[in-house]
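Summary of structural features
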Amino acid sequence: MEAIKTVDLTKYYGKARGITNLNLSVREGDFFGFIGPNGAGKSTTIRTLLGLIRPTSGEAYIFGKNVTVKPELIRRDIGYLPSEAAFYSGMRVSEILKLSADLRGKDCGAEAKRLCERLELDTTRKVSELSFGNRKKVAIVCALQSEPSLLILDEPTSGLDPLMQREFFEILRERNKNGATVFLSSHVLSEVQHNCARAAIVREGTVIACDSVDSLARANAKRVTLCGTAELSGLEGVRDIQKTDGGASFLFSGETEELLKRLSEGKILDLTISEPDLEEIFIHYYLKEDEK
Amino acid sequence: MTIVKHELRQGRVSLLIWTCAIVLLLGINVLLYPELKSQLDDVNDMFSSMGSFTAAFGMDRLSFGMFKDYYALECGSVLGLGGGIFASLLAAGMLSKEEKEHTAEFLLAHPVSRKRIISEKLAAVFAEITVMNLIVFAMAIGCTKAIGEEIPWKEAGLIHIAYYILQLELAGICFGISAFLRRGSVGVGLGLAITLYFLSLIANITESAKPLKYVTPYSYCEGADIVTNGSLDWVKVSLGLAICALCVLAAYLKYPRKDIQ
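Residues numbered from 1 in each chain as written. Chains lettered and ligands numbered in written order. Predicted model: local features only at pLDDT ≥ 70, side-chain atom pairs only at ≥ 80, totals over all residues.

1. Comments concerning the overall build of chain B
Each helix and strand in chain B was counted, giving 12 helices and 0 strands. N-terminal to C-terminal, the α/β element order of chain B is α-α-α-α-α-α-α-α-α-α-α-α. Taken against the 2.2 N^0.38 rule, which gives 18 Å for 261 residues, the C-alpha radius of gyration of chain B at 20 Å falls within 12% of a compact globule. Its C-alpha atoms put chain B at 65 × 40 × 25 Å along the principal axes. Contacts spanning at least 24 positions in sequence make up 78% of the contacts within chain B whose residues lie at least 6 apart. (Helix = DSSP H or I, 4+ residues; strand = E, 2+ residues; numbered from the N terminus. Rg over C-alpha atoms; globule rule 2.2 N^0.38 Å. Contact = placed C-beta atoms within 7 Å.)

2. Observations concerning the overall build of chain A
When its secondary structure is counted, chain A shows 10 helices and 14 strands. When the backbone C-alpha atoms are referred to their principal axes, chain A occupies close to 70 × 40 × 35 Å. By sequence separation, contacts in chain A at least 24 residues apart represent 72% of the contacts at least 6 residues apart.

3. A short note on helix 12 (residues 234-254) of chain B
Residues and elements named next belong to chain B. Between its terminal C-alpha atoms helix 12 stretches 30 Å, which fits the 30 Å expected from 21 residues at 1.5 Å a residue. Within the span of helix 12, buried status applies to Lys-236, Gly-240, Cys-244, Cys-247, Val-248 and Ala-251. The buried residues of helix 12 all sit within an arc of 110 degrees when viewed along its axis, so they share a single face. Residues of helix 12 that are exposed and point more than 90 degrees away from the buried face comprise Trp-234, Val-235, Ser-238, Ala-242, Leu-246, Leu-249 and Leu-253. Check the buried side of helix 12 and you find it contacts helix 8 (114-146) and helix 9 (153-178). (Expected span 1.5 Å × (residues − 1). Buried ≥ 20, exposed ≤ 12 C-beta atoms within 10 Å, placed from the backbone. Arc of directions from axis to C-beta.)

4. Concerning the interface of chain B and chain A
Between chain B and chain A, the contact holds 17 residues from the first and 18 residues from the second. Of all the elements in the fold, those that place two or more residues in the side of chain B that touches chain A are helix 1 (2-10) and helix 7 (104-108) of chain B. The residue inventory of the side of chain B that touches chain A, partitioned by class, reads 6 nonpolar, 7 polar and 4 charged. (Nonpolar A, V, L, I, M, F, W, Y, C, P; charged D, E, K, R; others polar.)

5. Description of the domain arrangement of chain A
Each assigned domain of chain A is listed here: domain 1 (2-213) and domain 2 (222-275). Summarising the inter-unit geometry, the C-alpha centres of domain 1 of chain A and domain 2 of chain A are found 41 Å apart. (Domains from an automatic or database assignment.)

6. Structural notes on the packing of helix 2 (residues 12-38) of chain B against helix 5 (residues 67-94) of chain B
All names here are of chain B. Running from N to C, helix 2 and helix 5 point in directions that differ by 165 degrees, and their axes come no closer than 10 Å. The pairing of helix 2 with helix 5 is recorded here as roughly antiparallel in orientation. The two elements helix 2 and helix 5 meet at a crossing, and its hand is right-handed. Contacts between helix 2 and helix 5 involve Trp-18, Ala-21, Ile-22, Leu-25, Leu-26, Asn-29, Val-30 and Tyr-33 on the former and, on the latter, Phe-67, Tyr-70, Glu-74, Cys-75, Val-78, Leu-79, Gly-82, Gly-83 and Phe-86. Its residues placed into classes, the contact of helix 2 with helix 5 shows 13 nonpolar, 3 polar and 1 charged. (Axes fitted to C-alpha atoms, helices over the stretch in contact; angles between N-to-C directions. Parallel < 35°, antiparallel > 145°, perpendicular 65-115°, else oblique. Left-handed = near helix turned anticlockwise from the far one by under 90°.)

Next comes the structure, spelled out in structure tokens:
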């Protein structure tokens, strides 16, 4: 079964575009990355899935159930981590965690305790006294303590130090191993590349690529790094040229034969052709045709 | 009941402050009565010679020689303005504060329906207003006993019931408005309570403004009418409760479909 499925999901805020005809499919048990810069439509997609906003058109399903029909029942299965965690003023961490558990009608005390210990979160402090990173930890525990079968995480690591990020992803991997689906929205490509099995890239409110992270990284572009000189002007498929000491580095997605011809005509001392990392692939997908 | 308990907990300091303020003002008014009574002629002359204001506050139909008349006027003003503003502010912010304080995402990401949120928040508003009115009434009776006056149970009871209904009506109206707001609830709550209060004063001054009495809930809290008739104007009360119900219904229709930002 698909944990998340959207069909031509569209949301406009008045005349402003949120998402347009967004089609997405996340299988149950996936560790799925949702990549895009600010304003691409990631949060709009998530907020629609959670029933916080109503779609202008199209449909969205969580575990086969339409999100616009009794969304509160669908949210029983979802643990949501917002990008910016805000809590009620004057409350202590323990009270926030209890409130969250009570709203779910569950006793999550034991799991909350385990998570707080792993994330080194002091539950006696008032949330208003916490740093941004510690407030994030509170939001993480709120999202995870009920052990939901779907985790929707919006920019989850912002504010967390590297050690906490490592611990957090360790917890996510454990949950995923136990069957939970993880939907990770991020613009930090390295964390998607290191943790997710599949990913979708969203641009201007539409999914422009969706595949396994390995396949996305093997997309038709290669990183070419050369030492020496070669005439590349006019060669199709060259972009992101970076001049280096005595050479150059660029992404190439054109005809390999043409490239080799140009290189052989030049004076090449050293040459490396490698798979680009996800960040480069992202840039590849993200540059509009006229910018390429 | 989780949201009710949460709201009562969040609002307890505000409730305490407003209740103390109203009890203090009302208590001072009651405790001042023995001194005013000793200067009865001067006080009656003063209040009856204020031109339009005498009619505006209904002082032309009341005598300060009787404690129930004095109580209806002085304590009614405190309850009407203080209680009305408290109820309006509380209700106007009840739904909109979640977006204003960015806590909507936290609350609505949980498996609770928007209708349940509306119902529990509304219950919290009415519970806070009820608690405040019970405390104020008990303290007013205590102060009256303290000055040795006979307690005008019927008149005082009717006045307190009228202002309690007024507060519920204002709360209902503001709660309905709150479903449409994202911020600015203080201005709405304060503005509505004060505007309706002054409309009732205007309606008392000129004959041509009399229809305003059917617009403002303060008209069925008129101390002079209650003391004179010995009952509430149930037509106006029913009209007010109907307006309250319509506004609450608007909240139930709007909030479940609202995009939360």
